[in-house]
Amino acid sequence: MLNSVDFTSLKRAVEYAANNSKFYIKFFNEYGVDAKDVTSIEQFQKLPFSDKHDLRNAYPLGLQAVPDEEIVRIHSSSGTTGKPVIIPYTKEDVDNWATMFARCYEFAGITNLDRMQITPGYGLWTAGIGFQAGCEKLGAMAIPIGPGNTEKQLQMMIDLQSTVICATSSYALLLAEEVEKRGLKDKINLKCGIIGSERWGELMRQRITEALQIELFDIYGLTEVYGPGIGIDCEKHEGIHYWNDYFYFEIIDPKSGEVLPEGEFGELVITTLNKAAAPLIRYRTHDLTRIIPHKCSCGRDYPLIDRIMGRTDDMIKVKGVNIYPGQIENVLCSVNGLSSEYQIIIEHFDGKDSLTLKVETNEGMDKTVLSRNVQQSFKNKIGIKISCKCVDIGALPRTEKKAKRIFDYRYN
Ligand code: ZN
C-alpha cells in the first residue's frame, strides 16, 4: 500500500493528542475512546472524525496542546460561515510548515535563484506568510506584494523580472489576461506559477498557461492543517504529491464515513503526525479526491492524491442527480471554443428544478451551435437536461478572491 504509514507514528500521534490536547481529552472522553485501545489500523479507523464545527466550538484557544510559552503564532480561518477556527503554532510547527513549503517549491523546480511574486494575502489567514516562509527557507527571493493593485503587480513583474507567480487561480487568470491585453508578454520573465486556495479546472489552467507561457503547479493545503503547502504536483502533473512523513491521509465515503479503498473518490480525512500546538486526528476536510493507487512516474516516493474535484458542501443536487463542480469543468473541456469561466444558476419553477449554465465563448464562435453542444455534452456526461447561455469572453466577473460560480435560488 502506497499510503501505508508506520503504525507506530500514527499511534504516537493519537496518544499525543489524547494526553496533551484539551480538545481531544474532552472529545475522546465524550465518545468513550481510550487511546490505549488503538493498537491496529482497524481500531484507528473506528476513531471519531473531527469536523470544522468541533474546532469552532473550541474557539478561541481550545485546540492548544502545549503551554503558552511554546506558542509563537496563531492563524485563523476566515469565519465567513460562523465563528473562526484559531490554530496555534509552536516554533517547530512553523518550521515544519516552511520545510514542507520549500519542498513544494523544489518539486516545482524552483531554486534559490528564483524571484517569487507572492500575491496571496498576508494576515490572519495562512496564505501569504506560508508562501513567504517557504521561499525564504529555500533561499529564493520573496517579493511580498500581497493581493490586488494589478498596476503595481505588473510593474514589479517587469522591473524585478519575477520568475514565479504565487496566486489563486482566479487572480492568476486576471493577471494573465492583463498581460495579454497590454501586450507585456515579451517584457516579463515568468517561468512558473504556484496556484493554490481554490479548485480550478483544466480550461482555466490552459488559459493561464497560454497567456503567460508558464508551467503551473497545484499547491494544496488548509488552515486547520498548517495551511497551503502540504502537497503539490510535480513536473509530471499526474496528481498531487503529499507529505506522508507529516500526515496520514484517508479517503472516506462522505455519507457513511466508511474508509474507501485506494483509487476510489471520496472525502479526504487528515491526521497530523507531528503537529505539536494543535494536533488533529481524523479531520474531515470536505475536499473530494482519491488516493492514486500507483507511484508517480517521476520516481519520487511521496504518494499522490488526485486533483481536488470539489467540496462535499459544493455538491449540488439537481433533478435528483449529484453534481460536483469538477464534472461541470469536464463538460466545458469537452466542447471546443469555450473559456474557463462559467456560472450556474439553479431555479425552481412549476415544481421542477431548472439549471442554466452561463459560459464564456471565445471570439468568433457561433453561440447557438456552442450552446447546443454544451447541452448535449451535459446530458451525456451528467445525465440531465439543462439550458445553456453563451456570453462573450470577459462578460463574467473576474476576482482576486475565490470566484462564486453557483447561484442556487431554489430555497430563497
Ligand atoms: Zn511526481
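Please read all numbers here as calculations on a predicted model, not as lab measurements.

**Side note on the pairing of strand 11 (residues 266-272)**
Of all seven residues in strand 11, seven are buried; the element is thus mostly enclosed. Pairing of strand 10 (residues 247-252) with strand 11, which is carried by six bridges, proceeds in the antiparallel orientation. Considered in strand 11, the bridge of Phe-249 is made with Ile-270. As paired strands, strand 11 and strand 12 (residues 283-289) are joined by four bridges and run antiparallel to one another. Pairing of Gly-266 across the sheet is with Thr-289, part of strand 12.

**What to know about the pattern of salt bridges**
Opposite charge on two side chains permits them to pair, given that their charged atoms come into close proximity. Within the structure shown, the criterion is met by 28 salt bridges. Notably, a salt bridge pairs Glu-178 with Arg-182, separated by 2.9 Å at the nearest N-O pair. In this structure Glu-178 comes out as buried when scored by relative accessible area, which is 16%. For Arg-182, a relative accessible area of 37% gives the class partly exposed. For Glu-180, the salt bridge goes to Arg-207, with nearest N and O atoms at 3.9 Å. In this pair, Glu-180 sits in helix 8 (residues 169-181) while Arg-207 sits in helix 9 (residues 202-212), placing the two residues 27 residues apart along the sequence. Since its relative accessible area comes to 45%, Glu-180 is described here as partly exposed. In the salt-bridge network here, residues are joined through shared partners; they are Glu-177, Glu-180, Arg-207, Glu-360 and Arg-398.

**Regarding unusual backbone geometry**
The omega torsion of the bond from Tyr-59 to Pro-60 falls at 0°, within 30 degrees of zero and hence cis. With respect to the helices and strands, Pro-60 occurs in the loop between helix 4 (52-57) and strand 1 (71-76). In this structure, Asp-350 takes a positive phi of about 45° despite not being glycine. With respect to the helices and strands, the residue Asp-350 is situated in the loop between strand 17 (338-349) and strand 18 (352-361).

Each value, and the rule that gives it
Residues numbered from 1 in each chain as written. Predicted model: local features only at pLDDT ≥ 70, side-chain atom pairs only at ≥ 80, totals over all residues. Heavy atoms only, no water. Buried < 20%, exposed > 50% of the residue type's maximum accessible area, 1.4 Å probe, protein only. Helix = DSSP H or I, 4+ residues; strand = E, 2+ residues; numbered from the N terminus. Pairing = 2+ DSSP bridges. Salt bridge = Lys/Arg side-chain N within 4 Å of Asp/Glu carboxyl O.

Keep in mind these values describe shape, not function.
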